[in-house]
Amino acid sequence: MNILFVMYDQLRFDYLSCAGHPTLETPNFDRVAKMGVRFTQAHVQSPICGSSRMSFYTGRYASSHGAQWNGFPLRVGEVTLGDHLRKLGMGCYLIGKTHMVADAEGMTRLGLAPDTVIGARQSECGFDAVVRDDGLWGEGPDGFYDRKRSPYNEYLKSKGYDSENPWADFANAGVSGDDIASGWFFRNADKPANIREEDSETPWLTDRALEFLETAEGPWCAHVSYIKPHWPYIVPAPYHDMYGPDDVPEAVRSELERQDPHPVYRAFMSNNIGKSFSRDEVRAKVIPAYMGLIKQCDDQLGRLLDRLEETGEIANTMIVLTSDHGDYLGDHWLGEKDLFHQQSVKIPLIVYDPRAEAEATRGTTCDALVEAIDLAATFVEVAGGEVQDHIIEGRSLMPFLRGEAVEDWREVVISEYDYSVTPMRAELGVSSRDARLFMVFDGRWKMIHAEGGFRPMLFDLETDPQEFRDLGGDSECAAEVARLYGHLHAWGLRLSQRVTRSEADLEAMRGRGARVGILPFLYDGSEVPEALTEKYRGTVKRDYTKG
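Below is a short write-up of the structure.

The rules behind each value
Residues numbered from 1 in each chain as written. Predicted model: local features only at pLDDT ≥ 70, side-chain atom pairs only at ≥ 80, totals over all residues. Heavy atoms only, no water. Core = buried A, V, L, I, M, F, W, Y, C linked by side-chain atoms within 4.5 Å. Buried < 20%, exposed > 50% of the residue type's maximum accessible area, 1.4 Å probe, protein only. Helix = DSSP H or I, 4+ residues; strand = E, 2+ residues; numbered from the N terminus. 1 Å grid on protein atoms, 1.4 Å probe; cavity = no way out; pocket = protein on both sides within 12 Å on 5 of 7 lines; lining within 4 Å. Points joined across faces, edges and corners; volume = space filled by probe spheres on them. Nonpolar A, V, L, I, M, F, W, Y, C, P; charged D, E, K, R; others polar. Pairing = 2+ DSSP bridges. Phe/Tyr/Trp six-rings, centres within 6.5 Å; stacked < 30°, edge-to-face > 60°. Axes fitted to C-alpha atoms, helices over the stretch in contact; angles between N-to-C directions. Parallel < 35°, antiparallel > 145°, perpendicular 65-115°, else oblique. Contact = heavy atoms within 4.5 Å. Salt bridge = Lys/Arg side-chain N within 4 Å of Asp/Glu carboxyl O.

## So, the nonpolar core
The nonpolar side chains of a soluble globular protein tend to be buried, and buried together. Residues Phe-5, Phe-39, Phe-379 and Tyr-419 are the most contacted members of the largest nonpolar core, which totals 73 residues. Considering every element that reaches this core, the biggest residue donor is helix H14 (residues 374-382), with 6 residues. With 60 residues, the next largest nonpolar core counts Trp-204, Tyr-233, Ile-234 and Val-282 among its residues.

## Regarding empty space enclosed by the protein
Counted under the stated rule, the structure contains 5 cavities of 30 Å³ or more. In this structure, the largest cavity spans a volume of roughly 90 Å³. Surrounding the largest cavity, 14 residues form its lining, Asp-133, Glu-201, Trp-204, Leu-205 and Ile-227 being those nearest its centre. For the lining of the largest cavity, the elements supplying multiple residues, two or more each, are helix H9 (201-215) and strand E10 (220-226). With 4 residues, the single largest contributor to the lining of the largest cavity is H9. Of the residues contributing to the lining of the largest cavity, the split by class is 7 nonpolar, 4 polar and 3 charged. In the lining of the second largest cavity, the residues fall into 7 nonpolar, 1 polar and no charged.

## A look at the pairing of strand E13 (residues 349-352)
Residues Leu-349 and Val-351 line one face of E13 and the alternating positions Ile-350 and Tyr-352 line the opposite face, and both faces are buried. Two strands pair when backbone bridges link them, and strand E2 (residues 37-39) and E13 are joined in this way by 2 bridges, in the antiparallel orientation. Residue pairing for E13: Val-37 is matched across the bridge by Val-351. For strand E11 (residues 317-323) and E13, the ladder comprises 4 bridges, and the chain directions are antiparallel. Note that in E13 the partner of Val-320 across the bridge is Val-351.

## What to know about unusual backbone geometry
Along the chain, Gly-218 connects to Pro-219 via a cis peptide bond; the corresponding omega equals -5°. For the bond running from Ala-237 to Pro-238, omega is 5°, close enough to zero to count as cis. If you trace the backbone, Pro-238 turns up in the loop between E10 and helix H10 (263-269). Backbone geometry at Leu-329 places phi at a positive 55°, although glycine is not the residue there. Inspection of the secondary structure assignment puts Leu-329 in the loop between E11 and helix H13 (342-345). Using a relative accessible area of 1% as the deciding quantity, one classes Leu-329 as buried. Notably, Trp-333 is not glycine yet its phi reads approximately 65°, a positive angle. On the secondary structure map, Trp-333 appears in the loop between E11 and H13. Residue classification places Trp-333 among the buried positions, given a relative accessible area of 8%.

## Here's the deal with the packing of aromatic side chains
The final tally for this structure, using the stated rule, is 25 aromatic pairs. With a centroid separation of 6.4 Å and 80° between ring planes, the pair formed by Phe-39 and Phe-400 is classed as edge-to-face. In this pair, Phe-39 is assigned in strand E2 and Phe-400 in helix H15 (residues 398-401), connecting sequence segments 361 residues apart. As far as the burial class goes, Phe-39 and Phe-400 line up, both buried.

## With respect to helix H2 (residues 49-58)
Spacing of three or four residues puts side chains on the same side of an α-helix, whose turn is 3.6 residues. Counting buried positions over the 10 residues of H2 gives 10, a clear majority of the element. Looking one or two places after H2, you find Gly-59, whose phi comes out positive at around 75°.

## A closer look at the packing of helix H1 (residues 27-35) against helix H12 (residues 280-311)
Interaxial distance between H1 and H12 falls to 7 Å at its minimum, and their mutual angle equals 50°. Overall, the two elements H1 and H12 adopt an arrangement that is oblique. On H12, the residues that touch Pro-27, Asn-28, Phe-29, Arg-31 and Val-32 of H1 are Lys-295, Asp-298, Asp-299, Leu-301, Gly-302, Leu-305, Asp-306 and Glu-309. Considered class by class, the residues forming the contact of H1 with H12 number 5 nonpolar, 2 polar and 6 charged.

## Comments concerning the side chain of Thr-322
Here Thr-322 is to be found in strand E11. Discounting chain neighbours no more than four positions away, the residues touching Thr-322 are Phe-5, Val-6, Met-7, Tyr-8, Phe-56, Ile-347, Pro-348, Leu-349 and Leu-375.

## Regarding the pattern of salt bridges
The full count for this structure, using the stated rule, is 45 salt bridges. Note that Arg-498 and Glu-503 form a salt bridge whose closest N and O atoms lie 2.9 Å from each other. Look at Arg-498 and you get partly exposed, because its relative accessible area is 29%. Each of the salt bridges in this network shares a partner with another, and the network as a whole consists of Asp-9, Arg-53, Lys-97 and Asp-324.

Shown next as structure tokens:
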């Protein structure tokens, strides 16, 4: 078995035709859904790129691995998907984005050079990088946002795009007269990107993935990680005008949400992102471009699927399609991600297992509460291993793929968000330590706890599926709040850091001291089996107490 683990950046769960989008057709996503299982209640462990991805790659909650926001290093020694899979004889490769920041200080402390195999893996989330490109090559007065070399920029230069930063000047910009129409500005989102479509980011990465498939020797797990449909929202022809104003859905928002909102929610609605996406003209420009980017992603997925079918590899390759978080697109008076409405924290997740055991579930949906960390556990099982649940906090999805009844599945999903480095922390007047949010969701009731002395937020998705009415301050809902806090408390007490000893290790350690002669607290030895005291009994060879 091989694993093709495909991730799209900022792809909403409901912007696929198999998920019910009214006008956006995604036949290749649908193709995989017909072959496998589409999980309808999959949630990320943090609605922000870097932290979410570190949870995918470690199988651990954000507060367990510690990389809780973009730019927070994943500490050296954290066990990753690649570590688990290589131990089982499966290679683990990266083609695209991780948003990983290496723990350079920790590597220096341990003498790990980044140009060694182990050092490179520590720097790349445990992957062997075929090509890494995190895809945001912004440049300002202080230089580049990402100071690493951009393979994509080098590719564009080799193709004749004459610029120091062709990512910004061509791939993510249109043309206005003689001027660059930057994709950073929403007003340009309806323009075609000034690049040949085959040279744009999504086809470029697909080409790299196809090259990998040509030479790959299995078993392998290939993480093909696209930057799109993440902003800048601009796409080359012919995708730039495939969709228009008639395809822009009415915003999912209510004036009720702006009437005395929770302070944290108010802060996010009031930031520049929220203000921009509250404008109808912004949504009218951005959403058709976002849809065009997704359509391009779908077409490029078709190229990967076609190659697997042509070579017969589809018969022994698990395919996983997912995203690191969603995109508000103006819903709830918000843009981007960051908070815990479904548009942000819920993700698409489609899994195809080619084996006969999965025949019964082909083309079905699963409504179980699923977390992103479950993929790491699933992949370990696919590779033939036993999930080390003292390290991996997720649970394997294989029973759902086989159509088996699952006992004692989780009652809630948990997501976290650390906003300590954002302007909202200062606006709210909370300390960096208190700038943390936690979501607990049981499939109906969703509670958000905000550190810093705030009341909780609470939504009943059965009576209010759009999440307009915050019931966190309603005394009639106190019992539900208390119940969900009970779940959060139990989760907070989880054993998350004893990662060097498994249950089997502990079992082997119990009583070992006595077996190697450590026998304190005995009166005469009769308290333990005679074999344990044998080395301490016998005839004295010489009595030194008598001189």
